[in-house]
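Topology and contacts: notes
The primary structure of each chain is shown beneath.
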Amino acid sequence: MKASLVFLVIIFSGFLITGNPEETDPNNNEIISIEFNTEGLTYELEIMDIYMGNFPEVPWQRGDILFGLLLNSYVKSFAEQCDAYLPADKEMLYGQECAEKQITRNGYGTVISETCISYRQVPLYLYMSPEMARAKDAISQFELQWMGEMMGGSEALGTSVKLMSETKAIKLDMIRLLQMNACDSPGLQRFQENLRRYAHGIEPIKMENLIAERKTNYNMIAPEQDIQKLLEDLVYQNSRQWNFNKYHKGSLKNISILSKDLDGRPKKVKGSYTFSGFGGTKNGSVTLVFNNKGLPDCLYFFDFPTTCRPANRKIAMAYAKNDYATSIKHPNVENSSAQNYTNQEVYISNTSSTPQIQDVPFAVIEEPPVYPSCEGLPDNSQRKKCTSEKINQLVNKNFNTGLANELGLTGINRVIVQFRINHKGEIEDIRARAPHPKLEQEAARVVNLIPRMTPGKQRGEIVGVMYSLPIAFKVQDSRTENSNKNLNSSPKKEQKDPESKDLNNNQLRNLLKLEKKKDNN
């Protein structure tokens, strides 16, 4: 069987999708480059699922408050950063201001509280496209429900804390999304179109190959990871928001895995730590709960045991990419039934009397290792992004794509590479997992080409840094390729989505190009 390699895709630490196999020009069957960057966003998984049309995996319903926040924050950010790209028939954005206040005074006439009891709409002199205005209208019916959620009921404090954190993260994500993706880029247009469709409750434009790969990645979270390091990082990040107490870095110990899921991954973990408060040094405890996808979700501290403090999403994503993977296995729970794990504990002792900084995942390192040509950049975030890009460019350039033909591979194949950047900035401890040993050897050969870098630092100390690099490529049978060309010679007539009537000509033309490829496949 003769096969031809169609493309090589590098997925960055974060998600930067280029050369998607689903997107081709229907006239000549050439790949249309679609790039959509969500690297480092707090809600990168959810944003990517909307972008890919993977609606069943989006954790919010269209009537949920967090989806409303996402849609409204995107529309406002686009208005602020991309006004020049809005159509001539753009519409005004409105905000709310207090129209009437209820003021309470004490016996001395001093105001002790002010509560707004009615609001009025005021123009923001920011604008949105008609199609996004209709999307906002479609979810406006849920506003009263959102007000009830914000009140929080019996768990008002916990709901308020969690919602404030999520609101801030979503707003920052939408600002950064517009900064990382050009206003008129096909990738951003695709995200906006699927965002609109989700608001209306209609079918998305799907990227089937990426959706299939995402489902595979969901199941690739390694059960054996450094849970103590994970919990330490999560507690430390959360403690930076504490008002009165100060967390003692590195004090987390006595880790207990209270339960596991069916895949053997932790479901609930508990640990103890020390902190300083008004009464001096004290001991505390924290419980970490994972969601149904195996990702860290909520921290519950001993003083507010029912209040969910959201797990830092960047750290959660590093865990999802197995950046906390370790060769030291945690003790196994004896009972193989996940339902019976709840009342059992797996105890991991902390034998270190003086906490030392261990290897840190690249995704959360404070001062990242720096690629030689990135050293002149002014701040850590730029140097980190540059280093990631340079590594991916090197791998993309040097990976022997012809090897796939020799091995007789077909379809989408993945090579998962993890390596350590040591205290000298050198590459070591390369580990690769692939469908064929020769692919693992090729990945290791290419990673060894990475030049010596400036080492990373955490809390001012030089540390080892773990770096994960998924590589995906597709091998297409030449017979399938010829069949696709024949199909493309007479493309099907598209049925326009009735909701797309508000799209301008350029947007509609781009979307039709993308949809035609899907039909041809």
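This text goes with the structure placed above it.
Structural notes, computed from the coordinates. (Residues numbered from 1 in each chain as written. Predicted model: local features only at pLDDT ≥ 70, side-chain atom pairs only at ≥ 80, totals over all residues. Heavy atoms only, no water.)

1. Some points on the overall build of the protein
Within the protein, the regular secondary structure consists of 14 helices and 18 strands. For the protein, with 521 residues in total, the buried portion stands at 48%. Counted over contacts in the protein with a minimum sequence separation of 6, partners at least 24 positions apart contribute 68%. With an accessible surface of roughly 25900 Å², the protein has 48% of that area assigned to carbon and sulfur atoms. (Helix = DSSP H or I, 4+ residues; strand = E, 2+ residues; numbered from the N terminus. Buried < 20%, exposed > 50% of the residue type's maximum accessible area, 1.4 Å probe, protein only. Contact = heavy atoms within 4.5 Å. Areas by Shrake-Rupley, 256 points an atom, 1.4 Å probe, with all protein chains shown as cover.)

2. Some points on helix H3 (residues 130-139)
The element H3 is largely enclosed, with a buried count of seven among its ten residues. Restricting attention to buried positions, one finds in H3 the residues Pro130, Glu131, Met132, Ala133, Ala135, Ala138 and Ile139.

3. Brief notes about the packing of aromatic side chains
Each pair of aromatic rings is reported with the distance of its centres and the angle of its planes. Applying the stated criterion to the full structure yields 18 aromatic pairs. Plain terms: the ring middles of Tyr74 and Phe78 are 5.9 Å apart, the flat faces sit at 40 degrees to each other, and that makes the pair tilted. Of this pair, Tyr74 and Phe78 both sit in helix H2 (residues 65-81), four residues apart, roughly one helical turn. In this pair, the class of Tyr74 matches that of Phe78, namely buried. Between Trp242 and Tyr247, the aromatic rings sit 6.3 Å apart at their centres with planes inclined by 80 degrees, giving edge-to-face as the arrangement. Exposure remark for Trp242: the relative accessible area of 21% places this residue in the partly exposed category. Note on Tyr247: relative accessible area 5%, which makes it buried. Grouping aromatic residues by their ring pairs yields a cluster made of Trp242, Tyr247, Tyr273, Phe275, Phe301 and Phe302. The residue whose ring lies beneath Lys384 is Phe362, and the NZ or CZ to ring-centre distance is 5.5 Å. (Phe/Tyr/Trp six-rings, centres within 6.5 Å; stacked < 30°, edge-to-face > 60°. Lys NZ or Arg CZ within 6 Å of the ring centre and 35° of its normal.)

4. Notes on the pairing of strand E4 (residues 91-105)
Bridge analysis of E4 against strand E5 (residues 111-128) gives 13 bridges, and the strand direction is antiparallel. Bridging across to E5, Gln102 finds its partner in Thr115. (Pairing = 2+ DSSP bridges.)

5. Some remarks on the packing of helix H10 (residues 380-398) against helix H12 (residues 437-447)
Interhelical geometry of H10 versus H12 gives an angle of 130 degrees and a closest axis separation of 9 Å. For the element pair H10 / H12, the angle class is oblique. H12 is crossed by H10, and the crossing has right-handed handedness. Together, Leu394, Val395 and Asn398 of H10 and Glu442, Arg445 and Val446 of H12 make up the contact between the two elements. Counted by class, the contact of H10 with H12 contains three nonpolar, one polar and two charged residues. (Axes fitted to C-alpha atoms, helices over the stretch in contact; angles between N-to-C directions. Parallel < 35°, antiparallel > 145°, perpendicular 65-115°, else oblique. Left-handed = near helix turned anticlockwise from the far one by under 90°. Nonpolar A, V, L, I, M, F, W, Y, C, P; charged D, E, K, R; others polar.)

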